Amino acid sequence: MAQDVDLQALSRGDKTAWDAFVRRYAGLVVAAVRGEAHDGSDVEDLVQDVFVRLCKDGFRLLKTYDPSRAGMSTWLTIVARSTARDVLRRRHVPVTPIDAVPEALLATPGAPPDKLRLPEGLLSPRQKLVLTMLYHQDMDVAEIAVALAVDPQTVRSTHHKAMLKLREHFANEEQ
């Protein structure tokens, strides 16, 4: 297959060679990126990204192709999938690490009433302990983490999961 591709002409930027290359391998690239795309509307953009990557910096990537290591179809499939993954990864909305969020923004409004009776078996012992330490002993996350010898993120996560269980339980109870 590689004999059908004039790599020297491609690396020189020969338009006729490039057009022939695109016609020959466009279907393969489409199939490769379709497997990575989360949304069918992404496929066309991802295919374009693959071909742009191959042309970039004077066809630098295309010049790395070694026919003794893999066929052009195999190599192009790997390049296409890798490019699609990279592009999709970069598109994700940036998130703020939970450790960067001030404690006041993570706190749930109001403490549970002192006489709240929790259904048996709803929360794990650790979840009950974390809620008790937060709301009845007025400890902050850092203090609880030290007391339990865990990471502060573990305390936040435990608290969050407990609150989700409680909200779900009491929402169902009201219905």
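Below or above, wherever it landed, is the structure these notes cover. Counting from 1, residues in each chain are numbered in the order their sequence is written. Predicted model: local features are reported for residues with pLDDT of at least 70 only, side-chain atom pairs are reported and counted for 80 or more only, and whole-chain, interface and lining totals are derived from all residues. To get the side-chain values, take all heavy atoms of the structure and skip hydrogens and water.

What follows concerns the overall build of the chain. Where helices and strands are cited, they refer to DSSP runs of H or I of at least four residues and of E of at least two residues respectively, numbered from the N terminus. From N to C terminus, the chain includes eight helices and zero strands. Whether a residue is buried, partly exposed or exposed follows from its accessible area with a 1.4 Å probe, protein chains only, as a fraction of its type maximum: under 20%, in between, or over 50%, in that order. The buried share among the 175 residues of the chain stands at 31%. The contact definition used throughout considers only heavy atoms, calling two residues in contact when any of these lie within 4.5 Å. Residue pairs in contact within the chain that sit at least 24 positions apart in sequence constitute 65% of those at least 6 positions apart.

Looking now at helix α6 (residues 125-136). By this rule the span expected of a helix is its residue count minus one, scaled by 1.5 Å. Taking 1.5 Å of rise per residue, twelve residues should cover 16 Å, and α6 covers 16 Å from first to last C-alpha, within 8% of that figure. The positive-phi residue at the C-terminal boundary of α6 is Asp138, with phi of around 50°.

Moving on: the packing of helix α2 (residues 15-34) against helix α3 (residues 43-63). Their axes nearest at 9 Å, the elements α2 and α3 cross at an angle of 130°. Regarding the angle of α2 to α3, the classification is oblique. Seen from above, α2 lies across α3 with right-handed handedness. Contacts between α2 and α3 involve Trp18, Phe21, Val22, Tyr25, Ala26, Val29, Val30, Val33 and Arg34 from the first element and Val43, Leu46, Val47, Val50, Phe51, Leu54, Cys55, Phe59 and Leu62 from the second. Between the N-to-C directions of two axes lies an angle of 0 to 180 degrees, each axis being a line fitted to C-alpha atoms and, for a helix, fitted only over the stretch in contact. An angle counts as roughly parallel when it lies under 35 degrees, as roughly antiparallel when it exceeds 145, as roughly perpendicular when it falls between 65 and 115, and as oblique in every other case. Crossing handedness: left-handed means the near helix sits turned counterclockwise from the far one by under a right angle, and right-handed means the same turn made clockwise.

What makes a salt bridge here is a side-chain nitrogen of Lys or Arg within 4 Å of a carboxyl oxygen of Asp or Glu, nothing more. Taken as a whole, this structure holds five salt bridges when the rule is applied. The salt bridge involving Asp86 is made with Arg89; its shortest N-O contact spans 3.1 Å. Of the two residues, Asp86 and Arg89 both sit in helix α4 (residues 72-91), three residues apart, roughly one turn of that helix. Here Lys128 ties to Glu120 by a salt bridge, and the two come within 3.9 Å at their closest N and O atoms. Given a relative accessible area of 74%, Glu120 falls into the exposed group.

Attention now moves to the packing of aromatic side chains. Stacked, tilted and edge-to-face pairs are distinguished by plane angle, under 30 degrees for stacked and over 60 for edge-to-face with tilted covering the rest, among Phe, Tyr and Trp rings (Trp via its six-membered ring) whose centres lie within 6.5 Å. Scanning the entire structure with this criterion turns up six aromatic pairs. With centroids separated by 6.5 Å and ring planes inclined at 90°, the aromatic side chains of Phe21 and Phe51 adopt a geometry described as edge-to-face. Here Phe21 is found in helix α2, whereas its partner Phe51 is found in helix α3, with 30 residues between them in sequence. Of the two residues, Phe21 and Phe51, both sit in the buried class. Grouped by ring-pair contacts, the aromatic residues Trp18, Phe21, Tyr25, Phe51 and Phe59 constitute a single cluster.

Ranked by size, the top nonpolar core spans 29 residues in total, and within it Phe21, Val33, Leu54 and Trp75 carry the most contacts. Among the elements that take part in this core, α3 stands out by supplying nine residues, more than any other. Dropping the residues within four chain positions of it, Val33 is found in contact with Val43, Leu46, Val47, Val50, Ala80 and Ala84. Met139, Val141, Ala145 and Met163 belong to the second largest nonpolar core, which has 14 residues in total. To qualify as a nonpolar core, a set must consist of buried Ala, Val, Leu, Ile, Met, Phe, Trp, Tyr and Cys residues joined through side-chain atoms within 4.5 Å.

Note on placement: Gln127 falls in helix α6. Once you skip the residues sitting within four places of it in the chain, Gln127 turns out to touch Leu122, Thr158, Lys161, Ala162 and Lys165.

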